4 protein chains.
Amino acid sequence: MTIDFTLDPEVAELRDRTAAFVRETVLLAELRMLQGAGSPDDVLRRELQQAARAAGVFAPTVSTSLGGLGLDVRGQSVVLEEAGYSLLGPLALHCAAPDEGNMHLLEKVATEAQRERFLKPLAAGDVRSCFAMTEPSPGAGSDPSQLVTTARRTDGGWVIDGRKWFITGADGAAFAIVMARTSGTGGADGVLEATMFLVPVDTPGFRLVRHVPTLDTGFTGGHGEIELSGCTVGDDAVLGEVGKGFAYAQVRLAPARLTHCMRWLGLARRAHDIALEYAGSRTAFGSRLGDLGMVQQHIADNEIDLAASRALIREAAWVLDSGRSGKHETSVTKTFVAEAVGRVVDRAIQVCGALGISGDLPLGAYLREVRAYRISEGPSEVHRWSIARRVLRNRDDTEGAPR
Amino acid sequence: MTIDFTLDPEVAELRDRTAAFVRETVLLAELRMLQGAGSPDDVLRRELQQAARAAGVFAPTVSTSLGGLGLDVRGQSVVLEEAGYSLLGPLALHCAAPDEGNMHLLEKVATEAQRERFLKPLAAGDVRSCFAMTEPSPGAGSDPSQLVTTARRTDGGWVIDGRKWFITGADGAAFAIVMARTSGTGGADGVLEATMFLVPVDTPGFRLVRHVPTLDTGFTGGHGEIELSGCTVGDDAVLGEVGKGFAYAQVRLAPARLTHCMRWLGLARRAHDIALEYAGSRTAFGSRLGDLGMVQQHIADNEIDLAASRALIREAAWVLDSGRSGKHETSVTKTFVAEAVGRVVDRAIQVCGALGISGDLPLGAYLREVRAYRISEGPSEVHRWSIARRVLRNRDDTEGAPR
Amino acid sequence: MTIDFTLDPEVAELRDRTAAFVRETVLLAELRMLQGAGSPDDVLRRELQQAARAAGVFAPTVSTSLGGLGLDVRGQSVVLEEAGYSLLGPLALHCAAPDEGNMHLLEKVATEAQRERFLKPLAAGDVRSCFAMTEPSPGAGSDPSQLVTTARRTDGGWVIDGRKWFITGADGAAFAIVMARTSGTGGADGVLEATMFLVPVDTPGFRLVRHVPTLDTGFTGGHGEIELSGCTVGDDAVLGEVGKGFAYAQVRLAPARLTHCMRWLGLARRAHDIALEYAGSRTAFGSRLGDLGMVQQHIADNEIDLAASRALIREAAWVLDSGRSGKHETSVTKTFVAEAVGRVVDRAIQVCGALGISGDLPLGAYLREVRAYRISEGPSEVHRWSIARRVLRNRDDTEGAPR
Amino acid sequence: MTIDFTLDPEVAELRDRTAAFVRETVLLAELRMLQGAGSPDDVLRRELQQAARAAGVFAPTVSTSLGGLGLDVRGQSVVLEEAGYSLLGPLALHCAAPDEGNMHLLEKVATEAQRERFLKPLAAGDVRSCFAMTEPSPGAGSDPSQLVTTARRTDGGWVIDGRKWFITGADGAAFAIVMARTSGTGGADGVLEATMFLVPVDTPGFRLVRHVPTLDTGFTGGHGEIELSGCTVGDDAVLGEVGKGFAYAQVRLAPARLTHCMRWLGLARRAHDIALEYAGSRTAFGSRLGDLGMVQQHIADNEIDLAASRALIREAAWVLDSGRSGKHETSVTKTFVAEAVGRVVDRAIQVCGALGISGDLPLGAYLREVRAYRISEGPSEVHRWSIARRVLRNRDDTEGAPR
């Protein structure tokens, strides 16, 4: 029958198993991390991933041929929300950014040799990777057409020059997927072609300049600034075809947007649960907090934001699984969810008062993580701009809009 | 597979037929109405319903045994959105409030005799009905436990005394479903029982006192104030069982909430389309309006609000079709949609500038209609209160929350 | 000492007298109007203005030499808020738009003959006026540079051709101040000069085509659409100097923006008081409404919006009285106040529930009036655009910003 | 004349001197701190305060008899905004919380001996202090009537027992002002009396248990948790009179609320300036960022929030200088400003994109500081509750509302 939200029993079972794993194993690790270094290092990552393997919840987004659980996007929407219930859940399940998106991209476009060399160890959790696209001003930020990193053809290979920053997971990654301009001059009027390269970090000319300090601290390897200076790679480093970099970025982008939404939705639900726990037990002014109208409003608004986020995610997941591009739906969903998640965490803090901004609860740490999300994966403003342009361009295009 | 938004072909076909009917027939009637009396009278209603019958789109929510199209709630969510694309669409299709909810209720609880006498002519569009629950202060408003209208048992019947107001469609209705207290004293501490009665408007003691003038003017028969003074009915006037009035109100409420959402979503989409049309053609400051960032923001926010509303409605429809109460989901959905619809219409007006508040576009009329919706069917504040209470009461209850 | 909000005793006394006059005389007239025609006609205007004269509160913004009370802008900010406490207050006191702004402009730039002929009877309330600037697409709307109405020089005069709409008060006005292009071609790149003309409505070629129906209905004479077809006037019809139309529009604009803010602030305060009255007396769910947290939030938010609006208005009034242009401050203030007033009225309605949208309270009528205000006198988007451009242009310009 | 925002020349001169001092001296120290420890220690404090003394801007809120600049509240509103332009400005000028509020309180109620012993070294910047009121659950948080710390009378003194947390500046303070219950049992129904005590931190039984880790890190000495266990002080430790603790808290509260607003307004202005700088220079999509509509909207909204905040602060400052309690005005102002400041910093981050959340700009640090401010000094919800209760209680009380 039309319109069905019923879950496959296997997905429901995996959801429950994931939820149990996160509660029983990951939350404790999160607590220790937040009271300690504040960031997950590779030791912690390996330990958690080992536990996830043991619990049968490892690599839900990876195809079964690579040892993963092979969920489609709808299945991911269910399981990744559970993973996201802890900051460390996605890392433990090996479905965290940027590896998750990189694995997806490599599954789609890597050659057999690249699969062997790069994807297999990545899928197994033996190594980490990063995605090197964003550049300092005046390079590619929100506007990819400003790409200034170049890859110049030489005999039997390419020489890459440029600078990248905010490259999540750069420190400790085994390789980077580097986006570089291979023709054209870019800018507002220019037509440019970009190509993706698989660059091991020990390639001469590839250098991690620094950690860019950021408000968020939850990603293993932080956010790096990378200098590419005469960095020479062979033809076998080209990912897919020369000149198709932007097209591949789209391949990675729409589903990656959505997995971000799933994970952050989980974290928002966790924040909400913490606030519920607090509101249900603490008293003030002669009432239980949860019986005060303005607290109830925060709680109800959180329920609403969580429900709307989930409904949008599920629908966009179905669009992707249906084989459509989902550009519009994932853009709409990302914009809503990134803002909703921010509101939910903010309200949860407000409900918990001083405790909410203290290290005695993880909410302050969550706030730091989710703030970035209205900027990363496309700032809300850029998404709104592209949403509006799309609907104006094609007012009767209803592709994917299941009226 | 799990999570499927695919539409049945018949539903998709009915959607398209409904959309065509609204665009080709109803919009013109709406234009005439808005430039004329401002309210649809029974002449217009009959004319439109005749056209809907001819187009095969009449009574989509009514069971086939009664001559309707027999859609389940999910099917309704698709078709009623199309109906709502015009203020007069739901009236034309005979799925407007309050008749739509009343028919649903009567299908569920009316006796065979009541079906014959009340439901059949109602389902056929021969007569209209109203639902008489709300009372002036200090009676039942948002808080039904303040019900003061009484029905007192007499030999072979009941005598009803009380006053009702904001009774949509009262003027011209053939009968009212009257909610009255049949035991208990009500108030904060009291336990009271309510009963529903089917009261023909020509029953002695039943009197339409006045039209309550309201901001909205789109309902046939307006909103009436009714005096019940020694209004005597027989035992056969009891709808369902004595004392079950509040339970039946719930039967009517959850789906009625949702059909409201569907219809208003359609109207919001129409407002958005009007704004798109304007933004796509009008210029200012050397740009097409739709190329200006703040206009694009309005457009994108409308897209987002419409998509989130639709996703929530579809999911709640599935919950109802699954046989669950849907109390929580419809409450969450109603709160979000009522506010989203208001925002969408407001932004559409803002995009259209002075024209937006002029009678040259229907947006001002829409604003008047949708403002009421944040109050009717339960004000946002009451829904938020009940949402918060529910989640606090049962923090691990996930009934209907398709994680 | 620096920074002083103390009121002159005379201003405070006039404020109190105005408040008493509005409460004792004007509110009743408003009630009658809202239950009747919905718009104030000239009979009602004359009656109310006669009463205002008798109460010594007539024409607060008009200079004493013309029989007014001669308040400076700060004094106006105090008294016009009181006038605005009723929809009809500004009309009664003869400080309503558009006459109030027109009188201000004429006092600044009219010749002695024009003062005699146009300003004196206007200041005395003997006649009404209108300001004819806005044009249908593709003419001057938010962007005045799109002005298409032309005034062509002829022997001893000018021939005006064009079309104007949304001309408040047009029906029944004695004369219009018409803005017309007197050189240049306009558009994004064009440099054009505009000139203002004083045009009696009985001038041949000047024709009121229709009332533009609008959401708001509170202005005497409504909003008219005017056709100027070979409309010939003499040189003495030029207001001020040829080619200075846009400069004069600025003369009118900044203070007119502010008097709008003052009046609407008064109406918002009235809406808030109505909601307070209701929240203080009505009960639901075993509580007085005003003791429920979400209602308290509406009330507190209204207090905050009213206080911030008033503080901004007072400061901008001081800037104008200091002889500065106040462009930035009045733009900031207008944007905030127009939106705050809308929020306050909306919350007041929400507090009052169904009664709030009924004709038993004036709130629905207020909503209709104030909605227009986010568009008239420059839509919020245009103000935000000019605010941002100004601060970006001159980041260290602190003119008028009393840090 | 009525309503005057003109600044005294001396205040304007001090404002400019403060602004120059902050730009020339403090901003560099802030940069070093943010790239280093992240919190200002006492070494940095002494160094900065020495520089402030040299620049003649030290202790603006302290009376001249104690070596300060003796500004009234309006003067403070001008100068403290400039101080707040850097996170370290208030510390440098010795007008930071909690010392600033403590000095104000001590000036009002300390005995001569207490002035000598506690106030003089504090005013000179020789020592720091803290204000120990907030308690862990179930003690006094937002609701001071839940105070559970007790002070029990003994021969010639008092024994204090209890626990305090979120005590800003506790680590390194020379003394604490401790609020303790001296009679009554507290709770919703209880009547309790509280008393303030001046407790040197080396008093036996006074122990700093830990630093409470918090999202914000900008206060010297952090936020401490304190255990008072049999902490015995003499009668001379009583601040003011026994039993007047809550009254004194009010003495401290209203002006302290306002000085917080002033300082945070300065920081918000700084965030806005950083965003302006970025928007004015960075390009994307072929435009300067500052020429894109959605960026302009952020900029304009920041201008509006800053202007409204400043206007409210100035007015409330005048109310306090007029000798009135200012309870209502400071509550309204605090609620608005705390939220406005949060919005401004958030928008500034959004304008700056990834750079905004990086350590290359101070905005992320600002976000962490200002988030706390919607909770500290009374959460927004508690202020809204008290604002609503006050206006409902006394609907015609217009004390301090300069209509």
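Rules of the game
- Residues numbered from 1 in each chain as written.
- Chains lettered and ligands numbered in written order.
- Predicted model: local features only at pLDDT ≥ 70, side-chain atom pairs only at ≥ 80, totals over all residues.
- Least-squares fit on C-alpha atoms with pLDDT ≥ 70 in both.
- Contact = placed C-beta atoms within 7 Å.
- Helix = DSSP H or I, 4+ residues; strand = E, 2+ residues; numbered from the N terminus.
- Nonpolar A, V, L, I, M, F, W, Y, C, P; charged D, E, K, R; others polar.
- Axes fitted to C-alpha atoms, helices over the stretch in contact; angles between N-to-C directions.
- Parallel < 35°, antiparallel > 145°, perpendicular 65-115°, else oblique.
- Left-handed = near helix turned anticlockwise from the far one by under 90°.
- Pairing = 2+ DSSP bridges.
- Domains from an automatic or database assignment.

Draft legend 1. Main features of the relation of the copies chain C and chain D. Superposing chain C onto chain D requires a rotation of 180° together with a translation of 0.0 Å along the rotation axis, leaving an RMSD of 0.0 Å. Read as a symmetry element, the transformation amounts to a two-fold axis. A shared binding surface is used by both copies, with 100% of the interface residues of chain C retained as interface residues in chain D.

Draft legend 2. Examining the interface of chain A and chain B more closely. Listed per partner, the contact involves 43 residues of chain A and 43 residues of chain B. Elements represented by at least two residues in the side of chain A that touches chain B include exactly α1 (9–35), α3 (73–83), α7 (245–279), α8 (293–321), α9 (327–356) and α11 (380–393) of chain A. Ranked by the residues each element gives to the side of chain A that touches chain B, the list is headed by α8(A), at 14 residues. Here the residues of the side of chain A that touches chain B are counted per class, giving 25 nonpolar, 7 polar and 11 charged.

Draft legend 3. Examining the packing of helix α7 (residues 245–281) of chain B against helix α8 (residues 293–321) of chain B more closely. All names here are of chain B. In the contact formed by α7 and α8, the axes pass within 10 Å of each other and the chain directions differ by 155°. Relative to α8, the element α7 is oriented roughly antiparallel. When the axes of α7 and α8 are compared, the crossing they make is left-handed. On the side of α7, the interface is formed by Ala254, Pro255, Leu258, Cys261, Met262, Leu265, Ala268, Arg269, His272, Ala275, Leu276 and Ala279, while α8 contributes Val295, Ile299, Asn302, Leu306, Ser309, Arg310, Ile313, Ala316, Ala317 and Leu320. Residues that form the contact of α7 with α8 fall into these classes: 17 nonpolar, 3 polar and 2 charged.

Draft legend 4. View of the pairing of strand β3 (residues 157–168) of chain C. All names here are of chain C. Here strand β2 (residues 150–154) runs beside β3; their pairing, made up of 5 bridges, is antiparallel. Residue pairing across strands places Thr150 opposite Asp161, the latter belonging to β3. Counted along the chain from β2 to the antiparallel partner β3, the turn is 2 residues long, and its residue Gly156 has a positive phi close to 65°.

Draft legend 5. Here's a closer look at the domain arrangement of chain A. Residues and elements named next belong to chain A. Splitting chain A by domain gives domain 1 (9–96), domain 2 (129–239) and domain 3 (246–393). The gap between the C-alpha centroids of domain 2 and domain 3 is 30 Å. With 11 residues of domain 2 at the interface, the matching set in domain 3 holds 10 residues. Split by residue class, the side of domain 2 that touches domain 3 holds 6 nonpolar, 4 polar and 1 charged.

Draft legend 6. Geometry of the interface of chain C and chain D. With 43 residues of chain C at the contact, the number on the chain D side is 43 residues. Those elements giving two or more residues to the side of chain C that touches chain D turn out to be α1 (9–35), α3 (73–83), α7 (245–279), α8 (293–321), α9 (327–356) and α11 (380–393) of chain C. For the side of chain C that touches chain D, the element with the most residues is α8(C), which contributes 14 residues.

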